[in-house]
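So you can see what is in the structure, the chains are spelled out below.
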Amino acid sequence: MSEMEGGIVKKFLYVNRKAPYGTVYAQESLEVVLIGAAFEQDVSLAFIDDGVYQLAKGQDTKALGVKNFSPTYRALEDYDVTKLFVEKESLEVRGLSADDMVVPVTIMGAQEMAEYMNGQDVILSF
Amino acid sequence: MKFSILVNEGPYTHEAADTAYQFTKAALDKGHEIFRVFFYHDGVNNGTRLTTPPQDDRNIVKRWTELGEKHKLDLVVCVAAAQRRGIADADEAKRNGKDADNIAPGFRISGLGQLIEAGIQADRLVTFGD
């Protein structure tokens with residue numbers, strides 16, 4: 001946590017653990033990130049477990065009858081949300097790599113991710 | 001310590017809704033401060049006054065209202081999540097052309113910014129849900 005001109009700046013980490021469809025958590029998590037961006041906090045996003053599918057390329061939701069919101073992740077850059085971390089182990093067991101992601105990400109091992117979480121002020125886990 | 005509470009699950013389906021209440025009550029009993037309780041996802045369903053559980057069961061909504069009155073809690077229901085799930089106060093109902101509102105006493109509807117602020121202002125933000 002640091003004091004900057006205009007108020008407190010905390011380290012916010014959004015932890016995304018669930019598949020993009022099947023439950024609403026991923027979509028409503030992204031809504032928090034977009035609204036939260038206006039507060040000028042130190043924001044980063046972590047994608048773990050099935051959460052890595054949120055960033056997977058080629059999502060087609062037509063048959064589900066729900067909106068494909070994955071293009072919104074590409075807009076995060078415009079909101080100055082650029083720290084996106086994907087857990088290495090979660091990607092590997094699902095046969096995915098950084099090339100399969102819709103946005104540039106940093107791959108992080110589970111141990112490193114745990115340490116990163118330790119350094120955060122506010123963790124919102126969805 | 002100053003806590004903020006995030007409730008992400010609906011009442012009766014998920015124990016998280018009960019645990020959030022028990023935690024909040026225990027923290028207050030121990031002399032801690034609760035900056036805000038924010039209801040998100042299906043958690044917004046903790047704020048409908050139409051809830052009518054069987055008489056021998058706990059009334060989760062009423063319990064929040066009563067705790068809120070006693071400790072002047074700020075019980076905030078997310079507007080976007082509430083609109084999706086049909087939770088409305090009088091203003092929201094009017095604005096969206098609905099014929100009724102159902103927000104429980106002591107709750108208010110507001111935006112996600114209130115959650116971010118809760119994270120900024122509290123020493124700890126504690127999340128209840130999956």
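Everything quoted here is computed from the prediction, not taken from an experiment. (Residues numbered from 1 in each chain as written. Chains lettered and ligands numbered in written order. Predicted model: local features only at pLDDT ≥ 70, side-chain atom pairs only at ≥ 80, totals over all residues. Heavy atoms only, no water.)

Q: Would you take a moment to explain the overall build of chain A for this structure?
A: The helix and strand inventory of chain A stands at 4 helices and 7 strands. In chain A, the order of α-helices and β-strands from amino to carboxyl end is β-β-β-α-β-α-β-α-β-α-β. The C-alpha radius of gyration computed for chain A amounts to 15 Å, which stays within 12% of the reference 14 Å derived for 126 residues, consistent with globular compactness. Along the longest, intermediate and shortest principal axes, the C-alpha atoms of chain A span 50 × 30 × 25 Å. A total of 126 residues make up chain A; the buried ones form 47% of that total. Considering only contacts within chain A whose residues lie at least 6 apart along the sequence, 75% involve residues at least 24 apart. Here chain A contributes 11 positively and 20 negatively charged side chains, and the mean placements of these two sets differ by 5 Å. (Helix = DSSP H or I, 4+ residues; strand = E, 2+ residues; numbered from the N terminus. Rg over C-alpha atoms; globule rule 2.2 N^0.38 Å. Buried < 20%, exposed > 50% of the residue type's maximum accessible area, 1.4 Å probe, protein only. Contact = heavy atoms within 4.5 Å. Lys, Arg positive; Asp, Glu negative; His and termini not counted. Charge placed at Lys NZ, Arg CZ, Asp CG, Glu CD.)

Q: Is there a simple way to explain the interface of chain A and chain B in this structure?
A: For an interface, size is often stated in terms of accessible area lost upon the parts coming together. Contacts between the two partners involve 21 residues from chain A and, on the opposite side, 20 residues from chain B. Summing both sides of the interface, chain A and chain B together bury roughly 1,700 Å²; the carbon and sulfur share of this comes to 60%. Seen at the junction of chain A and chain B, the total is 3 salt bridges. In this structure, the salt-bridge partner of Glu31 of chain A is Arg84 of chain B, at a minimum N-O distance of 2.5 Å. On inspection of chain A and its partner chain B, the count reaches 9 residue pairs in polar contact (both at pLDDT 80 or more). Listed by contribution, the elements that provide at least two residues to the side of chain A that touches chain B are strand 3 (11-16), helix 1 (25-36) and strand 7 (122-125) of chain A. (Buried area = accessible area lost by both parts, 1.4 Å probe. Salt bridge = Lys/Arg side-chain N within 4 Å of Asp/Glu carboxyl O. Polar contact = N/O pair within 3.5 Å; in protein donor to acceptor, adjacent residues only side chain to side chain.)

Q: Looking at this model, I keep getting lost on the pattern of salt bridges. Mind explaining?
A: Between side chains of opposite charge, a pair can form as their charged atoms come close. Applying the stated criterion across every chain, the model contains 18 salt bridges over all chains. In this structure, Arg36 of chain B engages Asp74 of chain B in a salt bridge whose closest nitrogen and oxygen atoms are separated by 2.8 Å. Note that Arg36 of chain B is positioned in strand 2 (residues 33-39) and Asp74 of chain B in the loop between helix 2 (60-71) and strand 3 (75-78), a separation of 38 residues in sequence. Under the relative-accessibility criterion, Arg36 of chain B is labelled buried at 6%. Each of Glu28 and Glu31 of chain A together with Asp42, Arg84 and Arg85 of chain B takes part in salt bridges that share partners, so that together they form one network.

Q: Would you mind showing me how to read the nonpolar core here?
A: One recurring pattern in soluble globular proteins is that nonpolar side chains are buried together. If you look at the biggest cluster of nonpolar residues, it comprises 66 residues, and the most contacted ones within it are Tyr14, Leu55, Tyr73 and Leu124 of chain A together with Trp64 of chain B. Excluding its chain neighbours within four sequence positions, the residues that come into contact with Trp64 of chain B are Val7, Ala17, Ala20, Tyr21, Thr24, Val37, Phe39, Asn46, Leu75 and Phe107 of chain B. Judged by nonpolar contacts, the second largest core, of 9 residues, contains Ile48, Phe85, Met113 and Tyr116 of chain A. (Core = buried A, V, L, I, M, F, W, Y, C linked by side-chain atoms within 4.5 Å.)

Q: Please explain the packing of aromatic side chains as it appears in this structure.
A: The relative placement of two aromatic rings is captured by the distance of their centres and the angle of their planes. Per the counting criterion, the structure on display carries 11 aromatic pairs over all chains. The interplanar angle of 70 degrees and the centroid separation of 6.0 Å between the aromatic rings of Phe126 of chain A and Tyr40 of chain B together place this pair among those described as edge-to-face. With Phe126 of chain A in the segment after strand 7 and Tyr40 of chain B in the loop between strand 2 and helix 2, this pair bridges two chains. Here Phe126 of chain A matches Tyr40 of chain B in class, with each residue buried. Plain terms: the ring middles of Phe39 of chain B and Phe107 of chain B are 5.3 Å apart, the flat faces sit at 50 degrees to each other, and that makes the pair tilted. You can see Phe39 of chain B sitting in strand 2 and its partner Phe107 of chain B sitting in strand 4 (residues 107-110), a full 68 residues away along the chain. Summarising the burial analysis for this pair, Phe39 of chain B and Phe107 of chain B share the class buried. One aromatic cluster is present, built from ring pairs that chain together Tyr21, Phe47, Phe69 and Tyr73 of chain A. A cation over an aromatic ring shows up here: Lys18 of chain A above the ring of Tyr25 of chain A, its NZ or CZ 4.6 Å from the ring centre. (Phe/Tyr/Trp six-rings, centres within 6.5 Å; stacked < 30°, edge-to-face > 60°. Lys NZ or Arg CZ within 6 Å of the ring centre and 35° of its normal.)

Q: Mind showing me how you'd approach the pairing of strand 7 of chain A here?
A: On a regular strand, one side chain projects to one face of the sheet and the next to the other, so that they alternate. Residues and elements named next belong to chain A. The alternating pattern of strand 7 places Val122 and Leu124 on a buried face and Ile123 and Ser125 on a face that is not buried. As defined by bridge partners, strand 3 adjoins strand 7 across 4 bridges and the pair is classed as parallel. Bridge pairing in strand 7 places Leu13 opposite Ile123. (Pairing = 2+ DSSP bridges.)

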